[in-house]
Amino acid sequence: MTIASSAPTHQAAPGQMGRLGRPDLDLSTDPRSDPRMVAALAPFGLDKLGAPPPLGPDAPRAALLEFGAAAEAGFEAVFDALMAGLPRVEGVISTTRTIPGVDGNEIGLYIVRPANVSGPLPGVLQIHGGGMVILRSSGPAYARFREELAATGLVVVGVEYRNGAGILGNHPFPAGLNDCSAALAWVYAHREELGISTITVAGESGGGNLTLATALKAKRDGNLHMIDGVYALVPYISGAYGRTEAERVRELPSLVENDGYFISCALCTLMVEIYDPGGAHSHDPLCWPYFATEDDLAGLPPHVISVNEIDPLRDEGIAYYRKLLAAGVNATGRIVLGVCHAGDVMFRAAIPDMYAATVQDLRRFATSRPHS
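All values derive from a computational prediction rather than experimental measurement.

## Section: the nonpolar core
Met37, Leu125, Tyr236, Phe262, Tyr320 and Phe347 are the most contacted members of the largest nonpolar core, which totals 102 residues. Within the second largest apolar cluster, 21 residues are counted, among which are Leu154, Tyr231, Leu233 and Val345.

What follows is the structure, given as structure tokens:
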């Protein structure tokens, strides 16, 4: 797996954090890093800054897709290792369903519920990460998260949507969003069969993008009644990763401050091109929710936006939270200290208390949603 970074060229100012203040820092030397995270990433070399990708966003699409497939294999191997050896989650039942998509495709759903518990129970539509380009809902990290959530008394439905690259690619925007919207409609129509009382849409990283975009699309389509709450973790929503360093520092400083910490702007720029070829939808909020207007956001259901302190994507999540407030949406912001992108849902073995806190916060939010 290639994680790219380049040292910032700006002049550091006193008191600036991370690589804004010291361009030589990496996760192993940044004083904000949780040492348990550093120890978990060190065997993969991910506590350091990686080499730049071997190609740029202007590479032929076939080369970009090949890169995406390799990145998927690398990340999946890391997640496999991080979840290895964990005890089985007891007291849950897992089933699968296949539903039709709007483009003549099929969509796999992974349904997990607590055993021997009568409903109706709060429901969560879980959307996996991977920049809308790689990874699978069936992967061990996402399967584990569903099971941990279900064990708290939730019915969780994971969506195997079409990716931009990898095993489930080549399907650029809006294929993945269409699949998530179709899954939402199916879950809503089958809520009695599923034994659920409410639907919270939740996802991290690229799944955070699709979580927010699913809510925006539901409003446009007149389906907002299907969603009772939205919970986005470390959302990947700006598409701004290929901008100049000066532009990134001015608008979203964490894109420089934490660049190369587990993920990098160079890597994200390639993922953007795979998902949105040629930037045809660069300011469409359904593709990049960062560009949602107050009119787009007004009337949305309650949101939680959770970001991580030393994540390059931190500031775009905070910016979206502030836009929600400005639009009058009931929104809560959450910052997880000391960890990289998706750290609180990735380090189940290494930082179990942090992982459990995120599971419990999502449970709290989902169980507090009155049906709209």
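Having seen the structure, we can now continue with the description.
## Some words on the pairing of strand S4 (residues 155-160)
Among the six residues that make up S4, six are buried, leaving the element largely enclosed by the rest of the structure. Taking every second residue as pointing to the same face, both faces of S4 are buried, with Val155, Val157 and Val159 on one and Val156, Gly158 and Glu160 on the other.

## Topic: the sheet that holds strand S3 (residues 121-127)
Pairing between sheet strands relies on hydrogen bonds along the backbone, with the strands arranged either parallel or antiparallel. Ordered by their spatial adjacency, eight strands build an open sheet running S1-S2-S4-S3-S5-S6-S7-S8, and the pairing between neighbours is mixed. The two strands at the open ends of the sheet, each matched to only one other strand, are strand S1 (92-100) and strand S8 (331-336). Mean inter-strand twist for the sheet, computed between neighbouring axes without regard to direction, equals 20°. Direction of pairing for S3 relative to strand S5 (residues 196-204): parallel, over a ladder of six bridges. Counterpart to Gln126 in the pairing with S5 is Ala202. In the packing of helix H12 (residues 314-326) onto the sheet, contacts are made with strand S7 (303-308) and S8, and the angle to S7 comes to roughly 155°.

## Some words on H12
Helix length check: H12 (13 residues) gives 19 Å between terminal C-alpha atoms against 18 Å at 1.5 Å per residue, within 8%. Within H12, burial applies to Arg314, Asp315, Glu316, Gly317, Ile318, Tyr320 and Leu324. Where H12 is buried, its residues contact helix H7 (206-220), helix H9 (254-257), helix H11 (294-297), S7 and S8. A positive backbone phi angle near 85° is found at Gly328, which sits one or two residues after H12.

## Let's talk about the pattern of salt bridges
In total, this model carries 19 salt bridges according to the counting rule given. Here Asp34 ties to Arg36 by a salt bridge, and the two come within 2.8 Å at their closest N and O atoms. Judged by its relative accessible area of 12%, Asp34 is buried. The partner of Arg97 in a salt bridge is Glu193, with the nearest N and O atoms 2.6 Å apart. With Arg97 in strand S1 and Glu193 in helix H6 (residues 191-194), this pair connects stretches of sequence that are 96 residues apart. Residues participating in the shared-partner salt-bridge network are Asp30, Arg32, Glu257, Arg314 and Asp315.

Here is what the cut-offs are and how they apply
- One numbering rule holds for all chains: residues counted from 1, following each sequence as written.
- Local features in a predicted model are, by the rule used here, given only for residues with pLDDT of at least 70; side-chain atom pairs are given and counted only at 80 or more, and totals for whole chains, interfaces and linings are based on all residues.
- Side-chain metrics rest on all non-hydrogen atoms present in the structure, leaving aside hydrogens and water.
- To qualify as a nonpolar core, a set must consist of buried Ala, Val, Leu, Ile, Met, Phe, Trp, Tyr and Cys residues joined through side-chain atoms within 4.5 Å.
- Accessible area is worked out with a 1.4 Å probe on protein chains only. A residue is then buried under 20% of its type maximum, exposed over 50%, and partly exposed in between.
- Helical segments are the DSSP runs of H or I of at least four residues, strand segments are the runs of E of at least two, and each set is numbered from the N terminus.
- Strands qualify as paired when DSSP identifies two bridges or more between them.
- All axes here are fitted lines through C-alpha atoms, helices being fitted over the stretch that makes contact, and every angle between N-to-C directions spans 0 to 180 degrees.
- In what follows, residue pairs with any heavy atoms lying within 4.5 Å of each other are defined as contacts.
- A helix is expected to reach a length of 1.5 Å times the quantity of its residues less one.
- The rule for a salt bridge is simple: a side-chain nitrogen of Lys or Arg has to be within 4 Å of a carboxyl oxygen of Asp or Glu.

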